[in-house]
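# Examining the three-dimensional arrangement
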Amino acid sequence: MSHRYDVVGIGNAIVDVISHGDDSFLENMGITKGIMQLVERERAELLYAAMTDRVQAAGGSVANTIAGVGSLGLSTAFLGKVKDDALGRFYADGMAEQGTDFPNPPVAGALPPTSRSMIFVSPDGERSMNTYLGAGADFDEDDVDASVASGAAWLFLEGYLYDKPEGKAAFAAAARHCREGGGRVGITLSDPFCVDRHRGDFRRLIEAEMDYTIGNHEEWLALYETDDLDEALSRAAAVCEVVVCTHSGDPVRLIRGGERAEVAVERITPVDATGAGDQFAAGFLYGMATGRSLEMAGRMGVAAASEVIRHVGPRPKRPLTEVFREQGLL
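What counts, and at which threshold
- Residues numbered from 1 in each chain as written.
- Predicted model: local features only at pLDDT ≥ 70, side-chain atom pairs only at ≥ 80, totals over all residues.
- Heavy atoms only, no water.
- Helix = DSSP H or I, 4+ residues; strand = E, 2+ residues; numbered from the N terminus.
- Buried < 20%, exposed > 50% of the residue type's maximum accessible area, 1.4 Å probe, protein only.
- Contact = heavy atoms within 4.5 Å.
- Areas by Shrake-Rupley, 256 points an atom, 1.4 Å probe, with all protein chains shown as cover.
- Lys, Arg positive; Asp, Glu negative; His and termini not counted.
- Charge placed at Lys NZ, Arg CZ, Asp CG, Glu CD.
- Core = buried A, V, L, I, M, F, W, Y, C linked by side-chain atoms within 4.5 Å.
- Axes fitted to C-alpha atoms, helices over the stretch in contact; angles between N-to-C directions.
- Parallel < 35°, antiparallel > 145°, perpendicular 65-115°, else oblique.
- Nonpolar A, V, L, I, M, F, W, Y, C, P; charged D, E, K, R; others polar.
- Polar contact = N/O pair within 3.5 Å; in protein donor to acceptor, adjacent residues only side chain to side chain.
- Pairing = 2+ DSSP bridges.
- Arc of directions from axis to C-beta.
- Salt bridge = Lys/Arg side-chain N within 4 Å of Asp/Glu carboxyl O.

### As for the overall build of the protein
Looking only at helices and strands, the protein features 13 helices and 13 strands. Each principal axis of the C-alpha distribution contributes one length, and for the protein these read about 50 × 40 × 40 Å. Classification of the 330 residues of the protein by burial places 57% in the buried group. The long-range fraction of contacts in the protein, counting pairs at least 24 apart against all pairs at least 6 apart in sequence, stands at 72%. Carbon together with sulfur atoms contributes 48% to the accessible area of the protein, which is approximately 13100 Å² in total. Within the protein, one finds 31 positive and 50 negative side-chain charges whose respective centroids are separated by 2 Å.

What follows is the structure, given as structure tokens:
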């Protein structure tokens, strides 16, 4: 069965605004280091004004993944919502430039400003994200283009969207369309706090509706409220066909039915850890969508992640095909 798109993502369409911030700056601004915090519009404007060396990029976790998949030559689309403002137009243009279809045109009228995340990168490469969920969080079922979702061979959903009831409805609709079109549906757990907020829903989703689930070790432990990673992963694998666990410097673990794979990770100090998980997912999904083995898909994920942490910014600076060729993966 041929699909219109190899991989389609749904998530928060967020403009990343990246700047440097050392520990004392973070402390002065009351920013908790190393995690994602949601901020209101007023605080967003305050933080934006405090940024010195701003670099802007079209971002959002799953959007970054889709950009990575697109850079590998697969056909991609991203479903997300932006306002018709300067940042929203910047976002839509940025997706198009990277060769990813962005079917939802920027919306004029009574909508909050385009979502943005103020990201402060510390000297040790840690990132502290302060996300203002503007227009992107209003993404709802009506914003899901059924022809795009049903035309996806692989659909990838962002856990963060679950923070709003509209996002839940959009999720369910997209998953249904994709499945009706014969596609596979999966989710990224997004972050441990997101898992804490939606534990019951996520467990139900993974069991009833997801063909694959990607998370890091903290997210898997939070999902099953355990300190035992083996236990968490075996519980997930009992109800979901493909389960993937990343673990910063430790090997990535992949499970598909009775099949197990581990992929070692080269330990390097990141220049900027932003996007490591997103690009891991890009390499992994590329491997899955092109029929590679479970282990090879994992190796592709690791290669993509190791490229993105060597520079500032959440998307590959050079085509991942080059990276994969250098490592003998293509």
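### Here we look at the nonpolar core
Counting residues in each nonpolar core, the largest one holds 58 residues, and the members touching the most others are Phe78, Tyr91, Phe284 and Phe324. At 8 residues, helix α12 (residues 294–308) tops the list of elements feeding residues into this core. Leu157, Tyr162, Leu223 and Ala232 belong to the second largest nonpolar core, which has 46 residues in total.

### Description of the packing of helix α9 (residues 217–224) against helix α10 (residues 229–239)
At a minimum axis separation of 9 Å, α9 and α10 run at an interaxial angle of 75°. Overall, the two elements α9 and α10 adopt an arrangement that is roughly perpendicular. Contact residues: His217, Trp220, Leu221 and Tyr224 in α9; Leu229, Ala232, Leu233, Arg235, Ala236 and Val239 in α10. Partitioning the contact of α9 with α10 into residue classes produces 8 nonpolar, 1 polar and 1 charged.

### A word on the environment of Gln37
With respect to the helices and strands, Gln37 occurs in strand β3 (residues 36–38). Sequence spacing of Gln37 and Ala153 is 116 residues, and the spatial spacing of their C-alpha atoms is 33 Å. Among residues more than four places away in sequence, those in contact with Gln37 are Ile31, Thr32, Met129, Asn130 and Thr131. Side-chain polar atoms of Gln37 contact the side chain of Thr32, separated by 3.3 Å.

### Re the side chain of Glu307
Among the structural elements, Glu307 can be located in helix α12. Within the structure, Glu307 has its side chain in polar contact with the side chain of His311 (distance 3.5 Å). If we skip the residues at most four places from it in the chain, Glu307 touches Pro316, Lys317, Arg318, Leu320 and Val323.

### Examining unusual backbone geometry
Positive phi, normally seen in glycine, also occurs at Ser190, with a value near 70°. In this fold, Ser190 is placed in the loop between β9 (184–188) and α7 (192–197). Classification of Ser190 as buried rests on a relative accessible area of 14%. A positive phi angle, close to 45°, is found at Glu225, a residue other than glycine.

### Things to note about the sheet that holds strand β2 (residues 14–20)
One key point about sheets: their strands pair by backbone hydrogen bonds, in either a parallel or an antiparallel sense. The strand order across the open sheet built from 5 strands is β3-β7-β6-β2-β4, with neighbouring strands paired in mixed fashion. Lying at the two open borders of the sheet, with one neighbouring strand each, are β3 and β4 (55–59). In this sheet, adjacent strand axes meet at a mean angle of 25° when their direction is disregarded. Pairing of β3 with strand β7 (residues 127–132) involves 3 bridges; the strand directions are parallel. Paired with Leu38 across the two strands is Thr131, which belongs to β7. The strands touched by helix α4 (residues 86–97) are β2, β4 and β6 (116–121); relative to β4, the strand with the most contacts, the crossing angle is about 60°.

### Thoughts on α10
Inspection of α10 places Leu229, Ala232, Leu233 and Ala236 among the buried residues, and these make up the whole buried set. Viewed end-on, α10 has its buried residues packed into an arc of 90°, placing them on one side of the element. Elements in contact with the buried residues of α10: α9, β11 (242–247) and β12 (250–256). For α10, the capping residue at the N-terminal end is Asp228, with a side-chain oxygen 3.0 Å from the backbone nitrogen of Asp230.

### Considering the sheet that holds strand β10 (residues 212–216)
Here we have 8 strands laid out as an open sheet, ordered β5-β1-β8-β9-β10-β11-β12-β13, and mixed in their pairing. The sheet is open, and its two borders are formed by β5 (76–79) and β13 (259–263), each paired with just one other strand. If you compare each strand with its neighbour and ignore which way they point, the axes differ by 15° on average. Relative to β12, β11 is paired through 5 bridges, and the arrangement is antiparallel. Looking across to β12, one finds that Val242 is bridged to Arg256. Along the sheet, helix α6 (residues 165–180) makes contact with β1 (5–10), β8 (152–158) and β9, crossing β8 at roughly 165°.

### Looking at the pattern of salt bridges
The final tally for this structure, using the stated rule, is 21 salt bridges. Taking the shortest distance from any N to any O, the salt bridge between Glu209 and Arg204 comes out at 3.6 Å. One salt bridge in this structure joins Glu231 and Arg235, with 3.5 Å as the shortest N-O distance. Here Glu231 pairs with Arg235, and both are found in helix α10, just 4 residues apart, close to one helical turn. On the basis of relative accessibility, which here comes to 36%, the residue Arg235 falls in the partly exposed class. Each of Lys168, Asp201, Arg204 and Glu209 takes part in one network of salt bridges that share partners.

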